[in-house]
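# Structure assessment
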Amino acid sequence: MDITIVIVSFRVKHFLEQTIRSAQEALKGLSGEIIVVDNNSADDTMPYVKPKFPSVTFIENKENVGFARANNQAIMQAKGTYTLILNPDTIITPECLRKCLKWMAQHPHCGAIGLHMIDGNGQFLPESKRAFPTPWVSFCKIFGLSKLFPYSRAFAKYHLRYLDEFQPHAIDILAGAYMFCRTDLLQKIGGFDEDFFMYGEDIDLSYRMVKEGYQNWYLPVNMLHYKGESTKKDSMRYVKVFYEAMLIFYRKHFPRFRAVVYPFIKLGVLVRQGLAVARRLFSRLFGKSSTPIEDRAGWVILSSKPDAVAKAVGIKDYTTKIPESSAANVLIDDASHSYEHIVGTIAANHSKDRFFHIYANESGIVITPKMN
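First things first, this report covers the structure right here in the doc. Going along each chain's sequence as written, the residues are numbered from 1 onward. With the structure being a predicted model, the display of local features is reserved for residues of pLDDT at least 70 and the display and counting of side-chain atom pairs for 80 or more, all residues being used for whole-chain, interface and lining totals. The side-chain numbers reported here are obtained from all heavy atoms of the structure, hydrogens and water having been left aside.

## Side note on the overall build of the protein chain
Helix and strand content of the protein chain: 13 helices and 13 strands. The proportion of buried residues among the 372 residues of the protein chain is 55%. For the protein chain, the accessible surface area stands at approximately 17300 Å², while carbon and sulfur atoms represent 54% of it. Numbered from the N terminus, helices here are DSSP runs of H or I no shorter than four residues, and strands are runs of E no shorter than two. Each residue is placed in one exposure class: buried if its accessible area under a 1.4 Å probe, protein chains only, is under 20% of its type's maximum, exposed if it is over 50%, and partly exposed if it falls in between. Areas reported as accessible are Shrake-Rupley estimates using a 1.4 Å probe. Residue values count occlusion only from the protein chains shown.

Below, the structure written as structure tokens:
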């Protein structure tokens, strides 16, 4: 078998349905399997999704065991030569898998691959390529130097923005949203470290692969990831959990820096949480009350049956061509377009005034970046 695709799910049934459909489309012509591990969503996710995908293997946990442990449940039974760790709020294309397979065949020392991730509106997600969080890299990240000097080789190693996003690069860290790995290597090192419940486990896994003598690579192949780091960075809980994961990483891999690093990280958590509170307060007191551009923009429907789609979702006025200059809400019908075409359209037409949505024709649901 060529590929095992592992998806850990928690309360994202419509995103999950779309991700599975894109994965099935991407696997056409290849031998593969899809394993979904549900972390006790405790809603109707499994009753909703399971009947739609009889060929998919579902593992239903009775409790939320965390990202690492849930992935390991599937990793240890993976039959593919390669295992793809995939988030349940992503869209992949046939090119994603085929380019990775070709790269692996040509680079025997490549242990894992990550891709050019874009968000639901086509913006590049900088967490697509990162460096190991050494003490200096972490200091620059926590205290904002990497943000002040985003393209500096000295201060901006965390997101490696000085590396061309449209060229392949050997990098340190792959994002857990898409990790295309050699299954034998993944199983040899024991999968993810289950001490990490949420965040940091992808950093740790990437580090252990490099310690085994392999390289991690970034390839400039587009894939869509709705919920990138940028959607959570202002959350106080995110700041706390993320930096606690960094402490676990340091205790494990850099114990000699404990006396120096721990106080800085703990101080950084307080600073970042304070900034998050200040931003929220400022937004409430002085934020603009005008209607967001997205709510004022006109609609564009990309479909072979635009009238039927418009009627189904309640849109009265629309065009069928994306405007070059004005703001627009673009609704793409997945019954008329492949996921490869959908991702390509979003990537090629992204703009701060364009907002993309996907009409899941079979379920009659509009998938949008604002969905929970």
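Having put the structure on the table, let's press on.
## Topic: the side chain of Thr45
In this fold, Thr45 is placed in helix α2 (residues 45-49). Contacts are residue-level and defined by heavy atoms, with any inter-residue pair within 4.5 Å sufficient. Setting aside anything within four residues of it in sequence, one finds Thr45 in contact with Ser9, Arg11, Val12, Lys13, Leu16 and Asp38.

## Here's the deal with the nonpolar core
The biggest cluster of nonpolar side chains holds 40 residues, and the ones touching the most others in it are Ile5, Ile92, Leu97, Tyr178 and Phe180. The element that contributes the greatest number of residues to this core is helix α4 (residues 94-106), accounting for 6 residues. With residues up to four places along the chain from it excluded, the contact list for Ile5 reads Ala23, Leu27, Glu33, Ile34, Ile35, Leu84, Leu86 and Ile92. In terms of nonpolar packing, the next biggest core, distinct from the first, is built from 28 residues, Phe67, Ala112, Leu174 and Leu185 among them. What is meant by a nonpolar core is a set of buried Ala, Val, Leu, Ile, Met, Phe, Trp, Tyr and Cys residues, joined one to another through side-chain atoms within 4.5 Å.

## Describing the pairing of strand β2 (residues 32-38)
Counting buried positions along β2 gives 6 out of 7 residues, so the element sits mostly inside the fold. Between any two strands, at least two bridges found by DSSP are needed for them to pair. Bridge analysis of strand β1 (residues 3-9) against β2 gives 7 bridges, and the strand direction is parallel. Residue pairing for β2: Ile3 is matched across the bridge by Gly32. When the strands point away from the viewer, a crossover counts as right-handed if the route from the first strand across the helix to the second turns clockwise. In this fold, β1 hands off to helix α1 (residues 13-27), which returns the chain to β2; that crossover is right-handed. Of the strand pairs in this sheet, β2 and strand β3 (residues 57-60) are connected by 4 bridges, and their pairing is parallel. Residue Ile35 lies in a different strand from β3, and its bridge partner there is Thr57.

## Notes on the pattern of salt bridges
One side chain can pair with another of opposite charge once the charged atoms of both are near each other. The salt bridge criterion pairs a side-chain nitrogen of Lys or Arg with a carboxyl oxygen of Asp or Glu, the two atoms within 4 Å. The final tally for this structure, using the stated rule, is 12 salt bridges. For Lys79, the salt bridge is made with Glu33, and the minimal N-O distance between the two is 3.9 Å. Note that Lys79 is positioned in the loop between α3 (67-75) and β4 (82-86) and Glu33 in strand β2, a separation of 46 residues in sequence. You can call Glu33 buried: its relative accessible area is 12%. Between Glu95 and Lys99 there is a salt bridge whose closest N-O contact spans 2.9 Å. Residue Glu95 and its partner Lys99 are both found in helix α4; the two are separated by 4 residues, about one turn of the helix.

## Considerations on the sheet that holds strand β12 (residues 354-360)
Overall, mixed pairing links the 4 strands, which are arranged β10-β11-β12-β13 in an open sheet. The strands lining the two open edges of the sheet, one partner per strand, are β10 (298-302) and β13 (365-367). Neighbour-to-neighbour, the strand axes of this sheet turn through a mean angle of 30 degrees, independent of strand direction. Bridge count between β10 and strand β11 (residues 328-333): 5 bridges; the pairing is parallel. Bridge assignment links Trp299 to a residue of β11, and that residue is Asn329. Lines fitted to the C-alpha atoms define the axes, with helices restricted to the stretch that makes contact. Angles between their N-to-C directions range from 0 to 180 degrees.

## Re α3
Counting buried positions over the 9 residues of α3 gives 7, a clear majority of the element. All buried positions along α3 are accounted for by Phe67, Ala68, Ala70, Asn71, Asn72, Ala74 and Ile75.

## Quick word on the packing of aromatic side chains
For Phe, Tyr and Trp, rings pair up if their centres lie within 6.5 Å, where Trp contributes its six-membered ring, and each pair is then called stacked (planes under 30 degrees apart), edge-to-face (over 60) or tilted (otherwise). Counted according to the given criterion, the structure contains 7 aromatic pairs. An angle of 80 degrees between the planes, with centres 5.0 Å apart, marks the rings of Phe132 and Tyr207 as edge-to-face. Of this pair, Phe132 sits in the loop between β6 (110-118) and α5 (135-142) while Tyr207 is found in helix α8 (residues 201-211), placing the two residues 75 residues apart along the sequence. The buried category is assigned to Phe132, whose relative accessible area is 12%.

## As for the environment of Leu247
Turning to its location among the elements, Leu247 is positioned in helix α9 (residues 236-253). For Leu247 and Gly200, which are 47 residues apart along the polypeptide, the C-alpha to C-alpha distance reads 9.4 Å.

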